[in-house]
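Structure at a glance
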Amino acid sequence: MINDIQKDAATRMGKSIESVKHEFSKIRTGRAHPSLLDQISVNYYGTDSALSQVANIAVEDARTLSITPWEKPMVQAIEKAILKSDLGLNPAVNGMVIRIPLPPLTEERRRSLVKVVKNEAENGRVAIRNIRRDANSEIKDALKEKLVSEDEARAGEEKIQKLTDQYIKEVEKLLEAKEADLLSL
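Reading the values: the criteria
Residues numbered from 1 in each chain as written. Predicted model: local features only at pLDDT ≥ 70, side-chain atom pairs only at ≥ 80, totals over all residues. Heavy atoms only, no water. pLDDT = per-residue confidence, 0-100. Helix = DSSP H or I, 4+ residues; strand = E, 2+ residues; numbered from the N terminus. Salt bridge = Lys/Arg side-chain N within 4 Å of Asp/Glu carboxyl O. Buried < 20%, exposed > 50% of the residue type's maximum accessible area, 1.4 Å probe, protein only. Expected span 1.5 Å × (residues − 1). Contact = heavy atoms within 4.5 Å. Phe/Tyr/Trp six-rings, centres within 6.5 Å; stacked < 30°, edge-to-face > 60°. Pairing = 2+ DSSP bridges. Core = buried A, V, L, I, M, F, W, Y, C linked by side-chain atoms within 4.5 Å. Axes fitted to C-alpha atoms, helices over the stretch in contact; angles between N-to-C directions. Parallel < 35°, antiparallel > 145°, perpendicular 65-115°, else oblique.

The next subject is the confidence of the model for the protein chain. For the protein chain, the average pLDDT comes to 86, and 97% of its residues sit at 70 or higher. Averaged over each element, pLDDT in the protein chain is lowest for strand β1 (residues 41-44) (84) and highest for helix α5 (residues 150-183) (91).

Shown next, in the form of structure tokens:
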């Protein structure tokens with residue numbers, strides 16, 4: 001019983017870590033990376049499709065992304081979608097290729113991105129603590145229903161706490177790495 005609760009909590013905490021990593025990948029660090037454009041969707045024959053499904057996205061150099069649509073009519077739609085996005089990017093169309101130069105980040109912008117990253121990390125920590133609370137309440141419910149002894153419940157709560165500490169340290173490592181990445185020139 002306790003092991004099942006612990007496994008469930010570990011799985012959910014792992015998903016929280018993946019979510020934090022995903023959120024961090026959206027925050028640009030001044031280097032070109034195709035994942036920057038992951039949340040952009042393009043109108044493809046009346047259906048909203050992910051940009052990566054209607055075009056090839058490549059890194060030309062450290063500060064330039066190039067997008068090559070599968071079909072010529074998609075060039076305008078992709079350009080429009082990039083301009084509408086809140087990424088602040090200015091695409092340059094050259095025939096069938098769309099190039100996106102990434103401007104260097106100013107010190108002020110870097111500082112504001114660090115605040116965003118810290119907020120995302122805090123959201124991750126809160127999610128992990130919520131999972132701990134849920135697991136502990138499941139253990140207490142099992143104790144009330146006499147499915148586990150008090151000693152087993154206490155040991156289970158200690159294991160859940162160790163698990164929580166482990167995953168929060170993981171979030172801290174991710175935060176430090178992203179912060180160092182943002183502040184390096």
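In total, this model carries 11 salt bridges according to the counting rule given. Put simply, Arg-111 and Glu-107 hold a salt bridge, and the shortest N to O gap is 3.0 Å. Remark: Glu-107 and Arg-111 occur in helix α4 (residues 107-144); sequence separation between them is 4 residues, near one turn of the helix. In this structure Arg-111 comes out as partly exposed when scored by relative accessible area, which is 45%. The partly exposed category is assigned to Glu-107, whose relative accessible area is 41%. Residues Glu-172 and Arg-125 are paired through a salt bridge, measuring 2.3 Å at the closest nitrogen-oxygen approach. Note that Glu-172 is positioned in helix α5 and Arg-125 in helix α4, a separation of 47 residues in sequence. Given a relative accessible area of 30%, Glu-172 falls into the partly exposed group.

Taking 1.5 Å as the rise per residue, α5 with 34 residues should run 50 Å; its terminal C-alpha atoms sit 49 Å apart, in good agreement. Its buried side turned inward, α5 meets α1 (2-26) and α4.

The next thing to look at is the packing of aromatic side chains. Evaluation of the coordinates by the stated rule reveals 1 aromatic pair. Ring geometry for Tyr-44 and Tyr-45: centres 4.8 Å apart, planes at 70°, overall edge-to-face. The exposure class assigned to Tyr-45 is exposed, which follows from its relative accessible area of 63%.

For the rest of this paragraph, the subject is the pairing of strand β2 (residues 47-50). Of the pairings in the sheet, the one linking β1 to β2 comprises 4 bridges and is antiparallel in character. Residue pairing across strands places Tyr-44 opposite Thr-47, the latter belonging to β2. The hairpin formed by β1 and β2 contains 2 residues between the paired strands, and Tyr-45 there has a positive phi angle of roughly 50°.

Judged by nonpolar contacts, the single largest core of 28 residues is most densely connected at Phe-24 and Ile-128. Elements with a contribution of two residues or more to this core: α1, α4 and α5. Look past the residues within four positions of Ile-128 in its chain and what remains in contact with it is Met-13, Ser-16, Ile-17, Thr-164, Tyr-167, Ile-168 and Val-171. Judged by nonpolar contacts, the second largest core, of 21 residues, contains Leu-36, Val-42, Met-74 and Ile-82.

Their axes nearest at 10 Å, the elements α1 and α5 cross at an angle of 10°. Classed by the angle they form, the pair α1 and α5 counts as roughly parallel.

Attention now goes to unusual backbone geometry. One non-glycine residue, Tyr-45, lies in positive phi territory at about 50°. Looking at the secondary structure, you find Tyr-45 in the loop between β1 and β2. A positive phi angle is found at Lys-146, which is not glycine, with a value near 60°. Examined against the element boundaries, Lys-146 turns out to sit in the loop between α4 and α5.

Before going further, it helps to spend a moment on the side chain of Ser-49. Structurally, the position occupied by Ser-49 is in strand β2. Exposure remark for Ser-49: the relative accessible area of 12% places this residue in the buried category. If sequence neighbours within four positions are ignored, Ser-49 has contacts with Ile-40, Ser-41, Val-42, Tyr-44 and Val-54.

What follows covers the environment of Leu-51. Note that Leu-51 resides in helix α2 (residues 51-54). Along the sequence, Leu-51 and Val-117 sit 66 residues apart, while their C-alpha atoms lie 25 Å from each other. Excluding residues that lie within four positions of it along the chain, Leu-51 makes contacts with Leu-37, Ile-40, Ser-41, Val-42, Ile-57, Ile-67 and Ile-78.

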